[in-house]
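What follows is the residue order along each chain.
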Amino acid sequence: MNATAEAAPDEAPKFNPTAYHVTKSDQGDILDIRNFNLWYDDVQALFDITMEVPRGLVTALIGPSGCGKSTLLRCINRMNDLIDEVRVDGRMAVDERDIYGKGVDVISLRKRMGMVFQKPNPFAMSIFENVVYPLRVDGVTDKSVLEDTCERALRGAALWEETKDRLKESGLSMSGGQQQRLCIARAIASDPEVLLMDEPASALDPIATAKIEELIDELRGQYSIVIVTHNMQQAARVSDNTAFMYLGRLIEFGHTETLFTNPKLKQTSDYISGRFG
Amino acid sequence: MSTNTETTSNHAEPKPGMNAASRRYTTDLTATGEPFLWGLGGALALGILLVVGFLVLIFWNGIATFWPKPIEVVTLNSGTVVAGEPTRDNVFKPGDGLLERLTEQDREIIDSNVGFAHRVLYRTGNYDLYNEDFRWVSDFEIAKVETPPGMYLFERQEWGVFIGRIAGLVLDGESRNLSDYDRAAIQEQQEAARERFEEIRHIERDEIGEVNYYMEQARLDLKRVALDHGRDSGEYRQAERETEQQITELQREYEQLAARAEAIKETDRRYRITLEEIGGEQKELPLSEIVRFYPANDLSPFGKAAVYFSRWGEFLTSEPREANTEGGVLPAIFGTVAMTLIMVVFVAPLGVITALYLREYAKQGRLVSIVRISVNNLAGVPSIVYGVFGLGFFAYTLGGGIDALFYPERLPSPTFGTGGILWASLTLALLTVPVVIVASEEALSAVPRSMREGSLACGASTWQTLRRVVLPRAMPGIMTGLILAMARGAGEVAPLMLVGVVKLAPELPVDGFFPYVHLERSFMHLGFHIFDVGFQSRNSEAGKPMVYVTTMLLLALIVLMNASAIYIRNRLKKRFAGSAF
């Protein structure tokens, strides 16, 4: 462990990410996070996070284990509500609307965001039912709507050609990589604004990983994607902007290429050059 | 060690096409550091031995019971002749008084057996003549033992079995010469007589029973009018006239039926058979009284098999006779299955909903912990306590309330206000609900968090997530809980004795009268049947074989119910077979 890294939390430099070289989208920002803090009981896990996520681009969250990147991601669609001990303060808004405001309908909020998890988690249903699940819970029963959505989502997840003849088969009968793309298809079935991906390729083999990365590249522009990854090469390959987090703080946030080739802070350069983490 | 050499040689010269699985490695138990393995294996072996021993005892006795045994005719030293089926034997120590009366030779034999003598228990039947069914015969009493042909065993409608010969036959009022009738011919006559008997029973029980039912109904309707409007009202007088007319009509119908039954009985009385026991005493009885008869010593193996299966058929499909020690157990089978199914109908939703709330909705805190501990403790409450509760709360309080509200015309005789199959099922549901709750909670908590998150992230509500994702996945585990509950419930007897099980239930809970399912009726249960036959009957020796057979049947029934539940569970499980992730 590097001495600089250990001392980091105390002397974290005051840093305004907005002033930094973030690649801006011509469509403005989708997410606006301001002075966001989070506690598990008495333990603070996120410190004063402020960042803006541009619409239609891919934003990567990197950092060592336990730095809070997954926690931050799960705050965006309020998945942390499931944990009783979590408290938050600060502001987080999607498309100018508060996520943690009073009277926010969590269910409709989640419907506007798709989420892909670390491990593929298809339901024990047919491939078709897996994909149209978000519509089913909305009460859609029109067969043609469901079929159209299924095809569009599976095409979007680059899975249509492999599955079009076996839509009635169980989603669990597929390979790991296919299952993960099925989960992506499910996440985009309701045409969300934001796609949240929590280390989507970490449980997959290199070929399946390559396919997922290719897919993320194709989805760029249609969806605003926030992806948490452990794999810095992956972040470098797929993202437009990268945020580096460390011990619950946002250390550096900027254009991916700049952040990887010319990081502003020593902590960032230590991490991406593999000296810790 | 030879094993080692073998292994080495395999390594040294691998044969082509030989795969790794064909090599065998064995190691000393001491070398693997698992000396306690013997202890663990021994405990398992002991457990299996106990269970297998129990099952072998039950099945051996249960399967052998209905096989016809030979009839031995034993001539005693005193000149008395005893005829009977040898049932079992043992050794006993003759008292001094008895020893004195024996011959020198017999005493020597007994002395050489360190004072023990051997004896055999014969089932002699003929209770009406001897006042006993069984008789011990000691070896030293016996002059000779034979198995002569022509000895018959008659199973009678009343008085149990008769062992002896056929001495006379009266057909259609005329005495017949026995040499004109071989066994097949007599059997034909007996079967015809039996059909007449069944027809009389059908008329008396079903048809006259129906007339009685409608008469009772008419009276109850009248009483209801009296309760609603008072005895002086016009409505009552009107209803009284109608009821009287109705009852007169029914009375006429009854008389017709009774006359029909009487005519058949008249015919029946003209067919009689005379039986003679080994000592020469005779007994005449209607041919229709004989349920089954066979010449025990003259049967071929096929003939014995025919008797065996005919007895099984009677056991499974007819009602008990002779204080339950003879005949069948159909009402008990029906009662057991019906009660268990009704119990499942109550316990499944109750247990699963409770578990859902406890696990998925309730805030996990001290209160929930207390509830959970209490539920676990409920599983340890003695079942008789549930029986007392069921009687006091369900039967007397709830049932009494229902009677007062809906059946005031039948009071003071209770309808729901006494034990019945509904209350028994509810009591057992209470008894088994902790098992279902605990198993369901386990099953729910075993559903991976990623499944719930996946569903919630799609915008599903908690309830939608539970219904569409969590519950289907937890279903095999919940089914396991239900199977355990079913097995426990079906085998439970003690609480049932308080809430509705009876020795002999004349009517099944399902019949042809509206509303067809009568949940208020008392019922028979195989578990209670075992208790009743084995410990409450006039002659426990006669009931013993029935205890084994009934126990075997109850076990088989529980295995059958569990097997079908397990089959359903495995089909559910198959859906999650590929979920490696």
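**Observations regarding the overall build of chain A**
The number of helices and strands found in chain A is twelve helices and ten strands. Rg of the C-alpha trace for chain A: 19 Å, near the compact-globule value of 19 Å for 277 residues, within the 12% margin. Expressed along its principal axes, the backbone C-alpha trace of chain A runs to roughly 60 × 45 × 35 Å. Taking the intrachain contacts of chain A between residues at least 6 apart in sequence as the baseline, contacts between residues at least 24 apart amount to 70%. Of the roughly 11,600 Å² that chain A leaves accessible, carbon and sulfur atoms contribute 48%. One finds the centroid of the 31 positive side-chain charges in chain A at a distance of 1 Å from the centroid of its 41 negative side-chain charges.

**Quick notes on the overall build of chain B**
When helices and strands are tallied, chain B shows 17 helices and 13 strands. For chain B, the C-alpha radius of gyration of 33 Å lies well beyond 25 Å, the compact-globule estimate for 581 residues. Dimensions of chain B, computed from C-alpha atoms along their principal axes, come out at roughly 100 × 90 × 55 Å. Counting the 581 residues in chain B, one finds 43% classified as buried. Within chain B, contacts between residues separated by at least 24 positions form 70% of all contacts whose residues are at least 6 apart in sequence. The positive charge centre, built from 57 side chains, and the negative charge centre, built from 70, are 10 Å apart in chain B.

**Section: the interface of chain A and chain B**
The extent of an interface is frequently quoted as the accessible surface area lost upon association of the parts. Each partner contributes residues to the interface: chain A has 28 residues there, and chain B has 22 residues. In total, chain A and chain B occlude about 2,200 Å² of area from one another, counting both sides; carbon and sulfur atoms represent 63% of this. A per-residue breakdown of the area chain A buries against chain B is headed by A:Tyr133, A:Val137 and A:Leu172, which together make up 23% of the total. The tally of links from chain A across to chain B stands at one salt bridge. Between A:Arg74 and B:Glu453 there is a salt bridge, with its nearest N and O atoms 2.7 Å apart. Counting only elements with at least two residues in the side of chain A that touches chain B, the list comes to α3 (106-111), β6 (113-116), α5 (133-137) and α8 (176-189) of chain A. Among the elements that take part in the side of chain A that touches chain B, α5(A) stands out by supplying four residues, more than any other. Its residues assigned to classes, the side of chain A that touches chain B comprises 17 nonpolar, five polar and six charged.

**Looking at the confidence of the model for chain B**
Detailed reading of predicted coordinates is not advised where the pLDDT is low. Residues and elements named next belong to chain B. On average, residues of chain B score 84 in pLDDT, and 93% of them are at 70 or above. No element of chain B has a lower mean pLDDT than helix α1 (residues 2-12), which averages 42, and none a higher one than helix α12 (residues 421-445), which averages 92. Confidence over residues 1-15 falls short of pLDDT 50; this stretch has eight contacts with residues more than four positions distant or in other chains. The ipTM for the predicted assembly is 0.85, set against a pTM of 0.79.

**Let's talk about a negative patch on the surface**
Together, A:Asp41, A:Asp42, A:Asp84 and A:Glu85 make up a negatively charged patch on the protein surface. Tracing the chain through its elements places A:Asp42 in the loop between β1 (29-40) and β2 (43-54).

**Structural notes on the pattern of salt bridges**
Two side chains bearing opposite charge may form a pair once their charged atoms approach each other closely. Under the definition given, this model contains 44 salt bridges over all chains. The closest approach of N and O atoms between B:Glu207 and B:Arg260, which form a salt bridge, is 3.5 Å. Pair noted here: B:Glu207 is in helix α6 (residues 183-229) and B:Arg260 is in helix α7 (residues 234-269), with a separation of 53 residues, a long-range link. B:Glu207 sits in the partly exposed class, given a relative accessible area of 22%. One continuous salt-bridge network, built from bridges that share partners, spans A:Asp32, A:Arg34, A:Glu52, A:Arg91 and A:Asp98.

**Some remarks on the nonpolar core**
In this structure, B:Trp312, B:Phe315, B:Val329, B:Met339, B:Trp423 and B:Leu526 are the most contacted members of the largest nonpolar core, which totals 62 residues. Examining the composition of this core, we find that eleven residues originate from one element, α12(B), more than from any other. Structurally, this core is a two-domain feature, drawing no fewer than three residues from each of domain 2 (53-68 + 299-317) and domain 5 (330-575) of chain B. In contact with B:Leu526, other than residues within four places in its own chain, are B:Val329, B:Ala332, B:Ile333, B:Thr336, B:Thr550, B:Leu553, B:Leu554 and B:Leu557. A:Leu135, A:Ala153, A:Ile212 and A:Leu215 belong to the second-largest nonpolar core, a separate cluster that totals 45 residues.

**Focus: the environment of A:Asn262**
Tracing the backbone shows A:Asn262 in the loop between α11 (256-261) and α12 (266-272). In this structure the C-alpha to C-alpha distance between A:Asn262 and A:Ile212, which are 50 residues apart in sequence, comes to 27 Å.

**Re the packing of α8(A) against helix α9 (residues 206-219) of chain A**
All names here are of chain A. Orientation of α8 relative to α9, taken along the N-to-C sense of each, is 20°, at an axis distance of 9 Å. When the axes of α8 and α9 are compared, the pair comes out roughly parallel. Here α8 and α9 pass one another in a crossing that is right-handed. Here α8 contributes Gly-177, Gln-180, Arg-181, Ile-184 and Ile-188 to the contact with α9, which in turn contributes Ala-208, Lys-211, Ile-212, Leu-215 and Leu-219. Taken together, the residues of the contact of α8 with α9 break down into six nonpolar, two polar and two charged.

**Observations regarding the packing of aromatic side chains**
Across all of its chains, the model carries 22 aromatic pairs over all chains by this definition. Pairing B:Tyr213 with B:Tyr214 gives two aromatic rings, centres 5.5 Å apart and planes at 75°, and the pair type is edge-to-face. Among the residues examined, B:Tyr213 registers a relative accessible area of 23% and is labelled partly exposed. Put simply, the rings of B:Phe389, B:Phe393, B:Phe394, B:Phe416 and B:Trp423 pair up and form one aromatic cluster. The ring of A:Phe128 has A:Lys168 sitting right over it, with the charged end atom 5.4 Å from the ring centre. It is A:Arg186 that lies over the ring of A:Phe123; its NZ or CZ is 4.3 Å from the centre.

**Comments concerning helix α13 (residues 449-457) of chain B**
Along an α-helix, a turn takes 3.6 residues, which lines up residues three or four apart on a common side. Residues and elements named next belong to chain B. The buried fraction of α13 is high, at seven of nine residues. Every buried residue of α13 is accounted for by Met-451, Arg-452, Glu-453, Gly-454, Ser-455, Leu-456 and Ala-457. Looking one or two residues past α13, Gly-459 carries a phi angle of roughly 90°, positive in sign.

**Section: the sheet that holds strand β1 (residues 72-76) of chain B**
Residue and element names in this part refer to chain B. Taken in spatial order, the five strands line up as β4-β3-β2-β1-β5 in an open sheet, and their pairing is antiparallel. With one partner strand each, in any of the chains shown, β4 (134-138) and β5 (142-146) form the two edges of the open sheet. Across this sheet, the average inter-strand angle for adjacent strands is 40°, counted without regard to direction.

**Notes on a nonpolar patch on the surface**
Residues and elements named next belong to chain B. Residues Leu-46, Leu-49, Leu-50, Val-51, Phe-54, Leu-55, Phe-59 and Ile-63 make up a contiguous nonpolar surface patch of roughly 770 Å² in combined accessible area. For Ile-63, the location among the structural elements is in helix α2 (residues 37-64). Owing to a relative accessible area of 42%, Ile-63 belongs among the partly exposed residues under this scheme.

**Examining unusual backbone geometry**
One non-glycine residue, A:Asn35, lies in positive phi territory at about 45°. Note on A:Asn35: relative accessible area 41%, which makes it partly exposed. Unusually for a residue other than glycine, B:Asn126 sits at a positive phi of about 50°. As for its placement among the helices and strands, B:Asn126 is situated in the loop between β3 (117-123) and α5 (127-130). Relative accessible area serves as the criterion here: at 0%, B:Asn126 is assigned to the buried category.

**Section: the side chain of A:Thr59**
Its location among the elements puts A:Thr59 in strand β3 (residues 58-62). The residues contacting A:Thr59, other than those within four sequence positions of it, are A:Met51, A:Val53, A:Pro54, A:Ile225, A:Val226, A:Ile227, A:Ser239, A:Asn241 and A:Phe253.

**Considerations on the confidence of the model for chain A**
Residues and elements named next belong to chain A. With 91% of its residues at a pLDDT of at least 70, chain A reaches an overall mean of 84. Across chain A, strand β8 (residues 224-228) holds the top mean pLDDT of 92, while helix α1 (residues 3-7) sits lowest at 40. The low-confidence segment residues 1-14 (pLDDT under 50) makes 15 contacts with residues lying over four places distant or belonging to another chain.

Conventions used here
- Residues numbered from 1 in each chain as written.
- Chains lettered and ligands numbered in written order.
- Predicted model: local features only at pLDDT ≥ 70, side-chain atom pairs only at ≥ 80, totals over all residues.
- Heavy atoms only, no water.
- Helix = DSSP H or I, 4+ residues; strand = E, 2+ residues; numbered from the N terminus.
- Rg over C-alpha atoms; globule rule 2.2 N^0.38 Å.
- Contact = heavy atoms within 4.5 Å.
- Areas by Shrake-Rupley, 256 points an atom, 1.4 Å probe, with all protein chains shown as cover.
- Lys, Arg positive; Asp, Glu negative; His and termini not counted.
- Charge placed at Lys NZ, Arg CZ, Asp CG, Glu CD.
- Buried < 20%, exposed > 50% of the residue type's maximum accessible area, 1.4 Å probe, protein only.
- Buried area = accessible area lost by both parts, 1.4 Å probe.
- Salt bridge = Lys/Arg side-chain N within 4 Å of Asp/Glu carboxyl O.
- Nonpolar A, V, L, I, M, F, W, Y, C, P; charged D, E, K, R; others polar.
- pLDDT = per-residue confidence, 0-100.
- Patch = residues over 30% accessible without salt bridge, like charges linked within 9 Å, V, L, I, M, F, W, Y side chains within 5 Å.
- Core = buried A, V, L, I, M, F, W, Y, C linked by side-chain atoms within 4.5 Å.
- Domains from an automatic or database assignment.
- Axes fitted to C-alpha atoms, helices over the stretch in contact; angles between N-to-C directions.
- Parallel < 35°, antiparallel > 145°, perpendicular 65-115°, else oblique.
- Left-handed = near helix turned anticlockwise from the far one by under 90°.
- Phe/Tyr/Trp six-rings, centres within 6.5 Å; stacked < 30°, edge-to-face > 60°.
- Lys NZ or Arg CZ within 6 Å of the ring centre and 35° of its normal.
- Pairing = 2+ DSSP bridges.

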